[in-house]
Amino acid sequence: MSRKQQAATPTSRRRVIKVAGAAGIAGLAGCASDSGTSTGGSGGTTTLQYWTLFAGGDGEAMKGLVDQFNEEHDDIQIQRQRQPFDEYYDKLFTSMTGGDAPDLAVFHTPEIQRFSDALLPLGGMVSDGTSDAYVDSIWEETEFDGDRLALPLDTHPNGLYYNKDIFRDAGLDPESPPTTFEELQTAANTITAETDKQAFNPDPYLRFFVRQFIAWQNGRGGDFLNADNTEAAFGGADGIALAEFYHNIANEWNWDQADATNDRGTKAFRSGDLAMTINGTWYFGALQQQEFDWGMAKPFVAPGQSEPQTWANSHTLGVPNSSDKQAAAVEAAEWITQNSLLWGTDAGHLPAAEGVLDSSDLQSATVWEKTLSTFSEMAQDGQLSYMPSTANNENYKRPVNQAIAQIYSGQLSPEEGITQAAADVTNNLQG
Amino acid sequence: MATKDTGAILSRLPGVDAVDSEARDGMLFAIPYLLVFGVFLLYPLLKGLYMSLFDWNAFNPSQSEFILAENYVRMVQDPTFWKAVRATVFFVLLTVPTLVGLGLALALGVNQDIKGKRFLRTVFFSPYVLTVSVVSLMWAELYAPEYGPLNYYLEFFMSNPPAWLNSFTFAMPAVALATIWWTVGFNFVILLAARQGVPERLYEAARIDGASTWRAFRDITLPQMRSAIMFVTTVQLIASFQVFGQVYIMTNGGPGDSTQTLVMYLFRVAFRQQEFGYAAAIGYFLFVVLVAVSLINYRFVGGSDT
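Remember, it's a predicted structure, so these values are computed and weren't measured experimentally. Counting starts from 1 at the beginning of each chain's written sequence and moves along it residue by residue. In the order they appear in the text, chains get letters beginning with A and ligands get numbers beginning with 1. pLDDT decides what is reported in this predicted model: residues at 70 or higher carry local features, side-chain atom pairs at 80 or more are listed and counted, and totals for whole chains, interfaces and linings draw on all residues regardless. Hydrogen atoms and water are omitted, and side-chain values are computed over all heavy atoms in the structure.

Starting at the N terminus, helices and strands are each numbered in turn, a helix being any DSSP run of H or I of at least four residues and a strand any DSSP run of E of at least two. What chain A contains, in helices and strands, is 19 helices and 15 strands. Over its C-alpha trace chain A gives a radius of gyration of 21 Å, about what one expects of a compact globule, namely 22 Å for 431 residues. Along the three orthogonal principal directions, the C-alpha set of chain A runs to about 70 × 50 × 40 Å. In chain A, which comprises 431 residues, the proportion classed as buried is 63%. The long-range share in chain A, meaning contacts at least 24 apart out of those at least 6 apart in sequence, stands at 77%. Surface accessibility follows the Shrake-Rupley procedure with a 1.4 Å probe radius. Residue values consider only the protein chains on display as shielding. Counting every atom, chain A has about 15200 Å² of accessible surface; 42% of that belongs to carbon and sulfur. The charged-residue count follows a simple rule in which Lys and Arg add positive charge and Asp and Glu add negative charge, with His and chain termini not counted at all. Charge placement uses NZ in Lys and CZ in Arg. For Asp and Glu, CG and CD serve respectively. Both charge centroids of chain A, one from 26 positive and one from 60 negative side chains, sit 10 Å from each other. Just to be clear, the radius of gyration here is over C-alpha atoms, and the globule rule we use is 2.2 Å times residues to the power 0.38. Relative accessibility decides the category of a residue: with a 1.4 Å probe and only protein chains considered, values under 20% of the type maximum give buried, values over 50% give exposed, and everything between is partly exposed. Any two residues having at least one pair of non-hydrogen atoms within 4.5 Å are treated as being in contact.

Residue and element names in this part refer to chain A. The mixed open sheet is built from five strands, whose spatial order is β2-β1-β3-β13-β6. The open sheet has two free edges, formed respectively by β2 (76-82) and β6 (151-152), since each of these has just one partner strand. As paired strands, strand β1 (residues 46-52) and strand β3 (residues 104-108) are joined by two bridges and run parallel to one another. Bridging across to β3, Y50 finds its partner in L104. Under this scheme, a helix contributes an axis fitted over its contacting stretch, all axes are lines through C-alpha atoms, and angles between N-to-C directions fall in the 0 to 180 degree range. Where helix α3 (residues 56-72) meets the sheet, its contacts fall on β1 and β2, and the angle it forms with β2 comes to roughly 165°. The strands touched by helix α13 (residues 326-338) within the sheet are β1, β2, β3, β6 and β13 (315-318), with β1 carrying the most contacts at an inclination of about 55°. At least two bridges found by DSSP between two strands is the condition for calling them paired.

Joining through side-chain atoms within 4.5 Å is the link that ties buried Ala, Val, Leu, Ile, Met, Phe, Trp, Tyr and Cys residues into a set, and such a set is a nonpolar core. F200, F234 and M276 of chain A are the most contacted members of the largest nonpolar core, which has 203 residues in total. If one sorts the elements of this core by residue count, helix α4 (residues 79-111) of chain B sits on top with 14 residues.

Residues and elements named next belong to chain A. Its location among the elements puts E175 in the loop between α7 (164-169) and α8 (181-194). Separated by 11 residues in sequence, E175 and K164 have C-alpha atoms that sit 7.8 Å apart. If we skip the residues at most four places from it in the chain, E175 touches Y162 and K164. At 3.3 Å, the side chain of E175 forms a polar contact with the side chain of K164. Polar contact is the term for a pair of N or O atoms within 3.5 Å; when the atoms are in protein, one must be able to donate a hydrogen and the other to accept it, and sequence-neighboring residues count only if both atoms are side-chain atoms.

Glancing now at the interface of chain A and chain B. With 36 residues of chain A at the contact, the number on the chain B side is 37 residues. Taking both partners together, chain A and chain B bury about 3000 Å²; carbon and sulfur atoms supply 45% of that area. By definition here, a salt bridge exists when the distance from a side-chain nitrogen of Lys or Arg to a carboxyl oxygen of Asp or Glu is within 4 Å. Inspection of the chain A/chain B interface yields four salt bridges. Among the salt bridges present, the one from D257 of chain B reaches R398 of chain A, with a minimum N-O distance of 2.8 Å. Put simply, chain A and chain B have 12 residue pairs in polar contact (both at pLDDT 80 or more) between them. Contributions of two or more residues to the side of chain A that touches chain B are made by α2 (16-23), α4 (88-97), α11 (264-270), α18 (394-408) and α19 (414-430) of chain A. Take the accessible area each of two parts loses on contact, using a 1.4 Å probe, and add the two losses: that sum is the buried area.

Turning next to unusual backbone geometry. In terms of backbone geometry, most residues other than glycine have negative phi values and most peptide bonds are trans. The residue D145 of chain A is not glycine, and still its phi comes out positive at about 50°. The phi dihedral of Q274 of chain B falls on the positive side, at around 60°, and the residue is not glycine. Position of Q274 of chain B relative to the elements: it lies in the loop between α13 (262-272) and α14 (276-302). A relative accessible area of 13% places Q274 of chain B in the buried class.

Residue and element names in this part refer to chain B. Two numbers describe how α4 lies on helix α11 (residues 226-241): the axes approach to 9 Å, and their chain directions differ by 150°. Looking at the two axes, α4 sits roughly antiparallel to α11. The chirality of how α4 crosses α11 is right-handed. In contact with T88, F91, V92, T95, V96, L99, V100 and L104 of α4, α11 contributes I229, V232, T233, Q236, L237, S240 and F241. When residue character is reported, Ala, Val, Leu, Ile, Met, Phe, Trp, Tyr, Cys and Pro are called nonpolar, Asp, Glu, Lys and Arg charged, and the others, Gly included, polar. Looking at side-chain class alone, the contact of α4 with α11 contains 10 nonpolar, five polar and no charged residues. Our angle categories are set so that under 35 degrees counts as roughly parallel, over 145 as roughly antiparallel, 65 to 115 as roughly perpendicular, and the remainder as oblique. Handedness of each helix crossing follows the sense of rotation of the near helix against the far helix: counterclockwise by less than a right angle gives left-handed, clockwise gives right-handed.

This part covers the environment of N163 of chain A. Residues and elements named next belong to chain A. Relative to the elements of secondary structure, N163 occurs in strand β8 (residues 158-163). Relative accessible area serves as the criterion here: at 2%, N163 is assigned to the buried category. Sequence separation between N163 and K325 is 162 residues; the distance between their C-alpha atoms is 48 Å. What N163 contacts, discounting residues up to four positions off in sequence, is F269, G272, L274, A275, F292 and D293.

This brings us to the sheet that holds strand β10 (residues 274-280) of chain A. Residues and elements named next belong to chain A. Here we have four strands laid out as an open sheet, ordered β9-β10-β8-β11, and mixed in their pairing. The strands lining the two open edges of the sheet, one partner per strand, are β9 (198-201) and β11 (294-297). Neighbouring strand axes in the sheet, compared pairwise and without regard to direction, differ in orientation by 25° on average. Of the pairings in the sheet, the one linking β8 to β10 comprises five bridges and is antiparallel in character. Across the sheet, G159 pairs through a bridge with N279, a residue of β10.

Keep in mind that low pLDDT regions are not for reading the predicted coordinates in detail. The predictor attaches a confidence to each residue, and that confidence, scored 0 to 100, is pLDDT. Taken over all residues, the pLDDT of chain B has a mean of 89, while the share at 70 or more is 92%. Both confidence scores are given for the complex: pTM 0.80, ipTM 0.73.

Written out as structure tokens, the structure reads:
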């Protein structure tokens, strides 16, 4: 399948596997048909350039939304352009500084802040009642220093995905996935002993460790950064305890291989060789294509989760302030974010629009029973951890991802790795 | 415009008519190059220096804050920067001597009267025509831990072959090996041409005087090829100090920062951290290093015949 992706993105300079895996839903073929259904823009039609980073199931669903929009609108047409996931923000930044920005673009909430100087404040452009259309907690994530800089499309938390067939083979109850660290130990040890499969992997891409690490750190009652985001706060006992958990999974308990090669986990899970892994909402689309029976549960399986949390992020739509089609872009952003049923039913994300989230169309869909009801429950219980917004989130993402990858592959001791990562993060934040 | 003025001034002086037309023609011929040089090299060079003195605001350049040498002070105090310097020097040490030595060995070998000379020449040079992305993706596949051919065959001899590109110890040597395979052809061609330029009569004279092969190599081949070797070494030093594409594609600077070279770090600082001023300062550091290394190279390797 990834070969088809390769063919679909010939300009990608990065390792194809990385790109495909990062998108998370590489399993779908024919995903990268980029052309919107533009009518050519004559006769008073405004044509918007819209940049996204969605591939696979996400890409299909977004294409569907854009097609719907274009069908319903004569005066505005959207031209969708998909950029490779790994290079998306680099390209967006270059386009926005080079004066050739799109009219509308996707932003993850923690990335909004670093583009804040170049984004149009939407306060005056959306109606007063607009805020009522969105789930409050997600709506709040798109405001920076009093400015509304984007409209939220979804929230996409992490869950624990597990292969029910492997559970059955190991003699475990496929309807009782582990809910605590102790239960994870029992399940994973049983799978390791009874089958030839790998039991558990905490990040199937093996390069986004920081996501769930932050959530688990919060779940232990600890902090990831200090209150004003100027220092690392994870270098103490809680962080080291978590680092030991990562170390033990691959180096002591034999639940997984001590190998942090990118995307190894997602390949293994999709081919039915891995029993449990932690991944985001988007996994629904990819797993529906697989032949094995799977389920999803809350990922509160790290040690010491007294106030359980899971990682979450939101896709939002923002308008670069250099656009000369701002009114049309805002209208399109409102329409897409508030008519996002496909985004839930097909891409598997939790829509940010109240009307869509509460609709019977969504709640009677397969995805609701399979994953979204559980995600929705965690959202309502306040168990979502968003990553901190800093001037540049690379400052903390990279050191932590790198350190945990080395701890996982047995090249650094947990204490050494986490202490070094904390020092690097503090140094970067203050640099 | 400038040439006309200069020409007018020159023509007013007595007895310089010939110089006048020669100078004018010379300048006319130089203008196309000078334009390209000015727009694509000189201007960015000066602009970079200017930016390195600011806390550069990429979205609103006019709001950039002048901070004099603060970017340079920060650079000296930045541990990640020094890690990048060490990684770069390591890469240079791994590649440059091998590339020059191997290039020379291949050139001298192919210069012998052996069968299939033409074929070998093509084989040695052919990787050089590939682009960096093709080379990097191909070698990344070769090194792949589970399905890569290298580890597939190694598994016949050892139980747990390393995950090359994810290993602290092997990632940089692995990138260096790919680079050597890719670019040695360039040195090979230059050095082969230089070797073919050495007059055969020198070797004949040496043979008559009873010189050994080693002696002929040391006292004829090396001195005669000195300029070419110096040229190749300088070009290679510059290329290796500027390594980017291979590490960007094969390792993305990892594991840890072990393959994060200077240009890789510069790229991250500029486009991920959005700090163009600081990135420009790092670029200037590299520029100064390269000028210094080239000068030293001219001075010591180049010797008197340059």
